[in-house]
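Survey of secondary and tertiary structure
Read off the chains here:
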Amino acid sequence: MIKLRLKRFGKKREASYRIVAMNSLSRRDGRPLEELGFYNPRTDEVRLDKAGIIRRLQQGAQPTDTVRDILRKENVFELLKSGVQPEATVAESAV
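A brief structural summary. (Residues numbered from 1 in each chain as written. Predicted model: local features only at pLDDT ≥ 70, side-chain atom pairs only at ≥ 80, totals over all residues. Heavy atoms only, no water.)

Regarding the pairing of strand β3 (residues 34-40)
In terms of burial, β3 is largely enclosed, as six of its seven residues are buried. As defined by bridge partners, β3 adjoins strand β4 (residues 45-48) across four bridges and the pair is classed as antiparallel. In the sheet register, N40 faces β4, and the bridge partner there is E45. The antiparallel hairpin formed by β3 and β4 contains four residues in its connecting segment, where D44 sits at a positive phi of about 60°. (Buried < 20%, exposed > 50% of the residue type's maximum accessible area, 1.4 Å probe, protein only. Helix = DSSP H or I, 4+ residues; strand = E, 2+ residues; numbered from the N terminus. Pairing = 2+ DSSP bridges.)

Here's what the structure looks like:
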């Protein structure tokens, strides 16, 4: 099963995360199938490839709880339900 989950990177005590599509049996920092975004919990910076995320969700990928909350804040599920194709560019926001 493909999961959308967080992959940790950065220095000790200064973690940032990439939102990636991975096989559910892979380790947390293993090689992803595709990188779909970035999340910095210290500054609440979020950058998403919304078109790529919607494509993976339509293919059956399951987001983890944390990723689901991030996608909900960025209104990705509303785009998915409405069927609107977002731009292929990466959307940036600081919540």
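Digging into helix α1 (residues 50-58)
For α1, the complete set of buried residues consists of K50, G52, I53, I54, R56 and L57. Within two residues after α1, G60 carries a phi angle of roughly 110°, on the positive side.

Points about the environment of L57
Turning to its location among the elements, L57 is positioned in helix α1. With residues near it in sequence (within four places) discarded, L57 still touches L4, P63, V76, F77 and L80. (Contact = heavy atoms within 4.5 Å.)

Brief notes about the nonpolar core
In terms of nonpolar packing, the biggest core is built from 17 residues, with L4, L48, I53, L71 and V76 touching the most fellow members. Contributing elements (two or more residues each) for this core: β1 (2-11), β2 (14-23), β3, β4, α1, α2 (65-73) and α3 (76-82). (Core = buried A, V, L, I, M, F, W, Y, C linked by side-chain atoms within 4.5 Å.)

Let's talk about the packing of aromatic side chains
Using the criterion set out here, one finds one aromatic pair in the structure. For the pair F9 and F38, a centre-to-centre distance of 6.0 Å together with 55° between the ring planes defines the contact as tilted. A residue pair is termed long-range when its members are at least 10 positions apart, and F9 in strand β1 and F38 in strand β3 qualify at 29 residues. Taking the relative accessible area as the measure of exposure, F38 reaches 14% and is therefore buried. (Phe/Tyr/Trp six-rings, centres within 6.5 Å; stacked < 30°, edge-to-face > 60°.)

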